[in-house]
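A closer look at the structure
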Amino acid sequence: MSNQTFQVQGMSCGHCVQAVTQAVRQLDPQAQVQVDLVSGRVEVQSGRERAELAQAIEGEGYRVAA
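Residues numbered from 1 in each chain as written. Predicted model: local features only at pLDDT ≥ 70, side-chain atom pairs only at ≥ 80, totals over all residues. Heavy atoms only, no water.

Focus: the overall build of the chain
Helix and strand counts for the chain stand at 2 helices and 4 strands. Since a compact globule built from 66 residues should have a radius of gyration of about 11 Å, the 10 Å found for the chain is in line with a globular shape. Judged by the C-alpha coordinates and their principal axes, the chain covers about 30 × 20 × 20 Å. In the chain, which comprises 66 residues, the proportion classed as buried is 35%. Residue pairs at least 24 apart in sequence account for 63% of intrachain contacts in the chain once pairs closer than 6 positions are excluded. When the accessible surface of the chain is totalled, it reaches about 4,100 Å², and 42% of it is carbon and sulfur. Between the mean site of the 5 positive side-chain charges and the mean site of the 7 negative ones, the chain shows a separation of 3 Å. (Helix = DSSP H or I, 4+ residues; strand = E, 2+ residues; numbered from the N terminus. Rg over C-alpha atoms; globule rule 2.2 N^0.38 Å. Buried < 20%, exposed > 50% of the residue type's maximum accessible area, 1.4 Å probe, protein only. Contact = heavy atoms within 4.5 Å. Areas by Shrake-Rupley, 256 points an atom, 1.4 Å probe, with all protein chains shown as cover. Lys, Arg positive; Asp, Glu negative; His and termini not counted. Charge placed at Lys NZ, Arg CZ, Asp CG, Glu CD.)

As for the pairing of strand β3 (residues 41–46)
Burial along β3 is one-sided: the residues Val42, Val44 and Ser46 are buried and none of Arg41, Glu43 and Gln45 is. By the bridge criterion, 5 bridges tie strand β2 (residues 32–36) to β3 in an arrangement that is antiparallel. Bridging across to β3, Val35 finds its partner in Val42. Following β2, the chain reverses through 4 residues before pairing antiparallel with β3; Gly40 in that reversal takes a positive phi of roughly 80 degrees. (Pairing = 2+ DSSP bridges.)

What to know about the environment of Ala54
Its location among the elements puts Ala54 in helix α2 (residues 50–58). On the accessibility criterion, Ala54 (15% relative accessible area) is buried. Along the backbone, Ala54 and Val42 are 12 residues apart, and their C-alpha atoms lie at a distance of 10 Å. Filtering out sequence-adjacent residues up to four positions away, Ala54 remains in contact with Phe6 and Val64.

Focus: the environment of Val64
Mapped onto the secondary structure, Val64 falls in strand β4 (residues 63–64). Classification of Val64 as buried rests on a relative accessible area of 12%. In this structure the C-alpha to C-alpha distance between Val64 and Gln26, which are 38 residues apart in sequence, comes to 18 Å.

Some details on the packing of helix α1 (residues 14–27) against α2
In contact at an axis separation of 8 Å, α1 and α2 are set at 135 degrees when each is read in the N-to-C sense. As summarised for this structure, α1 and α2 are arranged oblique, according to the angle between their axes. Crossing geometry of α1 relative to α2 is assigned as right-handed. Packed against α1, whose contacting residues are Val20, Ala23, Val24 and Leu27, the element α2 presents Glu52, Leu53, Ala56 and Ile57 at the interface. Residue composition of the contact of α1 with α2, by class: 7 nonpolar, no polar and 1 charged. (Axes fitted to C-alpha atoms, helices over the stretch in contact; angles between N-to-C directions. Parallel < 35°, antiparallel > 145°, perpendicular 65-115°, else oblique. Left-handed = near helix turned anticlockwise from the far one by under 90°. Nonpolar A, V, L, I, M, F, W, Y, C, P; charged D, E, K, R; others polar.)

Written as structure tokens, this is what we have:
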């Protein structure tokens, strides 16, 4: 397991938090996800690769900054 921090654009409400969390957990059901709407930060503890996690988040319609 490793900790990854993503800067995610486009999140603004509780639904966004839920969508991002579910997207990551579909990829890795054991992942720990914390979303901070104010800063746009998403912290993920997971065994999956960073690119896979970013793709899962972007698949929900959000933009992950490089």
